[in-house]
Amino acid sequence: MMHSLREKNPLYPLVCILSSLIIAVVGLIMVKGHMTPFLILFLCVVDCCFGLYKTTFKCLLIFIPVSAIFGMFTYLFNWNLLEAVQMAERVLLLAVAAIPAVCMPPINLTRCLTKLRCPRMITLGMLIVIRFVPVLKAEVSRIREAMKTRGVNASLWNFSCFYRALLIPLMMRLINISDTLSLSLETRGFELGKAPSTIYRDVRFRPRDAVYSALVAAMLIGTVVFA
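From a predicted model like this one, the values you see are computed outputs, not experimental measurements.

Criteria and thresholds
Residues numbered from 1 in each chain as written. Predicted model: local features only at pLDDT ≥ 70, side-chain atom pairs only at ≥ 80, totals over all residues. Heavy atoms only, no water. Helix = DSSP H or I, 4+ residues; strand = E, 2+ residues; numbered from the N terminus. Contact = heavy atoms within 4.5 Å. Areas by Shrake-Rupley, 256 points an atom, 1.4 Å probe, with all protein chains shown as cover. pLDDT = per-residue confidence, 0-100. Phe/Tyr/Trp six-rings, centres within 6.5 Å; stacked < 30°, edge-to-face > 60°. Buried < 20%, exposed > 50% of the residue type's maximum accessible area, 1.4 Å probe, protein only.

1. Overview of the overall build of the protein chain
Thought 1: Counting its regular elements, the protein chain contains nine helices and zero strands.
Thought 2: By sequence separation, contacts in the protein chain at least 24 residues apart represent 80% of the contacts at least 6 residues apart.
Thought 3: Approximately 14700 Å² of the protein chain is accessible, and the part contributed by carbon and sulfur atoms is 71%.

2. What to know about the confidence of the model for the protein chain
Thought 1: For the protein chain, the average pLDDT comes to 76, and 77% of its residues sit at 70 or higher.
Thought 2: Below pLDDT 50 for its whole length, residues 1–6 participates in 12 contacts with residues either more than four positions away or in separate chains.

3. Description of the packing of aromatic side chains
Thought 1: Summed over the entire model, instances satisfying the criterion amount to three aromatic pairs.
Thought 2: Note on Tyr 12 and Phe 205: the rings are 5.5 Å apart at their centroids and 85° apart in plane angle, and the pair reads as edge-to-face. In this pair, Tyr 12 is assigned in the segment before α1 (13–29) and Phe 205 in the loop between α8 (159–187) and α9 (207–226), connecting sequence segments 193 residues apart.
Thought 3: A relative accessible area of 47% places Phe 205 in the partly exposed class.
Thought 4: With 5.2 Å between their ring centres and 80° between their planes, Phe 50 and Tyr 212 make a pair best called edge-to-face. Linking Phe 50 in the loop between α2 (36–49) and α3 (53–78) with Tyr 212 in helix α9, this pair joins segments that are 162 residues apart in sequence. Taken as a pair, Phe 50 and Tyr 212 share a single burial class, namely buried.

Written as structure tokens, this is what we have:
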């Protein structure tokens, strides 16, 4: 699912992270003002203009109904239409704010931090986290396929079978993967010290990123001033 949201030409990683964070914070603070719908619309237009139109469309397609459901429940509990609209705006604003960060390939953030001479312990941890989720998903799928071929039905309701047929093999596979990972890092000469290193694909701050940052900053300032 996450890979389907990746864009071919993402923004600079720090721009993605900081813009998503600042938009979410400022938007939630100013959500009671009348500028929130204009902020959401402006962000969607800007994201589409900068090549994030696929993710923006998917986000709106999913979260417009979700925000409507949250607004409906808020109205049923409080019988206040204004609070219901504000709740729907909060949910939709958080979804739109997350678009740049979701479109960013995580490996780009690791490369960016490496270029900025971030401590290697942090970059190593990020690399492991990035690869851990797909590996864990693949291992669970393999174990479940092996269970099906053996006719084992290890559901959560049958905890003893679930523990023996799924959890124990998964734990053993993860231990083996961690050993392989440590050996792989050692054979590739990965060091936590200040040894010289290079980046396979350089991630640079481009004029495109500066224009995006300026537009978002201008809109957030306008939202605060005219709210």
